[in-house]
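What the coordinates show
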Amino acid sequence: MTILVPIDPTEPSRAAVRLAGLMATEQDHDVVLFHASTARPPLDYLAALHRVGQPLRDLGLNVRLRTALARPGPAICAEALARSCAWIVMGTRRPMATGIANNGLAMHIMTHSDVPVLAVRPGVPAGNGPTAWISPVGGEARRIAQLIGRAEGRADVRLFPALDDHEPIRDGAGRVQNDLSSVVIDFSPTCVHQDWCQRVLQDATADVLLVRGSHCACETGIP
């Protein structure tokens, strides 16, 4: 199976590449780095794209770089479907101050892709802190959080119920706890309660991973 990673030479793309490397190593997947643009990129830009994938080559993974002269959103969805990809892993901007819905490319892919999508908002991981997962019953976030924990040699994966009145993901001052290495959230682009996910994206200092699913963590209570 293949993981498709849409890239440009920015930190969100590098964060997506790092995560794709963990997932590919754990699940024995190939990785395709994909860049789509309506203008032909110059040679120095192509060289920068090639360098983004170097960490995957250092891991000994089978990685390819493919470019397309096309609108990024539809091209990414079509490429992932044509390759029967297991995942699209992509970066998102930090901070997402204008809201999830206005983070155009990531939201387009989450809304239109027929392939599972994982969007990474890079943060500053707290050393060997735990990975939090926030998920409705049967959601993908728990599995991804456990995979990351195993790949990084950390067994500490905590469940933080999104709708709990006390919200243990937050500290006494109402801020997201800063001892987390990453926060993995099941997310639906059609969720009407995106303000909750947006607060986590704004407050968390760690990496935040949005796993596109049929239900959002804040839509479905967790027993």
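Nothing here was measured: the structure is a model prediction, and the numbers come from that model.

**Side note on the overall build of the chain**
Looking only at helices and strands, the chain features seven helices and nine strands. Residues counted as buried form 50% of the 223 residues belonging to the chain. Looking at the chain as shown, the accessible area adds up to about 10200 Å², and 52% of this sits on carbon and sulfur atoms.

**Some points on the nonpolar core**
Ranked by internal contacts, the top residues of the largest apolar core, which has 35 residues, are L4, I88, I185 and L210. Residues contacting I88, with those up to four places away along its chain left out, are L4, P6, I76, A80, I109, S113, V115, P116, V117 and L118. If you look at the next biggest cluster of nonpolar residues, it comprises 31 residues, including L33, L56, A86 and L118.

**Considerations on helix α4 (residues 72-82)**
Listed as buried for α4 are G73, A75, I76, C77, E79 and A80. On its buried face, α4 is in contact with β1 (2-6), β2 (30-37), β3 (63-69), β4 (87-91) and α5 (104-112).

**Section: the environment of A39**
Along the polypeptide, A39 turns up in the loop between β2 and α2 (43-52). Under the relative-accessibility criterion, A39 is labelled partly exposed at 45%. Separated by 29 residues in sequence, A39 and A68 have C-alpha atoms that sit 9.4 Å apart.

**Here's the deal with the packing of helix α1 (residues 11-27) against helix α6 (residues 141-151)**
Look at α1 against α6: their axes get within 10 Å of each other, and the N-to-C directions meet at 85 degrees. One way to sum up the angle between α1 and α6 is to call them roughly perpendicular. Residues L19, L22, M23, E26 and Q27 of α1 form the contact with α6, whose own contacting residues are R143, I144, L147, I148, R150 and A151. Broken down by class, the residue content of the contact of α1 with α6 amounts to seven nonpolar, one polar and three charged.

**A look at α1**
Over its 17 residues, α1 extends 24 Å from the first C-alpha to the last, a length consistent with the 24 Å expected when each residue adds 1.5 Å. All buried positions along α1 are accounted for by P12, S13, A15, A16, V17, L19, A20, G21, M23 and A24. A positive phi of about 60 degrees marks D28, the residue just after α1.

**Description of the layout of surface pockets**
Taken as a whole, the largest pocket encloses approximately 320 Å³ of empty space. Contributing elements (two or more residues each) for the lining of the largest pocket: α1, β2, α4, β4 and α5. Here the lining of the largest pocket gets three residues from one element, more than from any other, and that element is β2. Considering only residue class, the lining of the largest pocket consists of ten nonpolar, six polar and two charged.

**Remarks on unusual backbone geometry**
Positive phi is not limited to glycine here, since D28 has a value of about 60 degrees. Tracing the chain through its elements places D28 in the loop between α1 and β2. Even without glycine at this site, S84 takes up a positive phi of about 50 degrees. Tracing the chain through its elements places S84 in the loop between α4 and β4.

**What to know about the pairing of strand β8 (residues 182-187)**
Of all six residues making up β8, six are buried, and the element is well covered by its neighbours. Residues of β8 alternate between two faces, with S182, V184 and D186 on one and V183, I185 and F187 on the opposite face, all of them buried. As judged from the six bridges shared by β8 and strand β9 (residues 207-212), these two strands associate in the parallel manner. Bridging across to β9, V183 finds its partner in V208.

**So, the confidence of the model for the chain**
Here the chain averages 80 in pLDDT, and 74% of its residues register 70 or above. β1 holds the highest mean pLDDT among the elements of the chain, 97, whereas strand β7 (residues 157-159) holds the lowest, 67.

Thresholds applied
Residues numbered from 1 in each chain as written. Predicted model: local features only at pLDDT ≥ 70, side-chain atom pairs only at ≥ 80, totals over all residues. Heavy atoms only, no water. Helix = DSSP H or I, 4+ residues; strand = E, 2+ residues; numbered from the N terminus. Buried < 20%, exposed > 50% of the residue type's maximum accessible area, 1.4 Å probe, protein only. Areas by Shrake-Rupley, 256 points an atom, 1.4 Å probe, with all protein chains shown as cover. Core = buried A, V, L, I, M, F, W, Y, C linked by side-chain atoms within 4.5 Å. Contact = heavy atoms within 4.5 Å. Axes fitted to C-alpha atoms, helices over the stretch in contact; angles between N-to-C directions. Parallel < 35°, antiparallel > 145°, perpendicular 65-115°, else oblique. Nonpolar A, V, L, I, M, F, W, Y, C, P; charged D, E, K, R; others polar. Expected span 1.5 Å × (residues − 1). 1 Å grid on protein atoms, 1.4 Å probe; cavity = no way out; pocket = protein on both sides within 12 Å on 5 of 7 lines; lining within 4 Å. Points joined across faces, edges and corners; volume = space filled by probe spheres on them. Pairing = 2+ DSSP bridges. pLDDT = per-residue confidence, 0-100.

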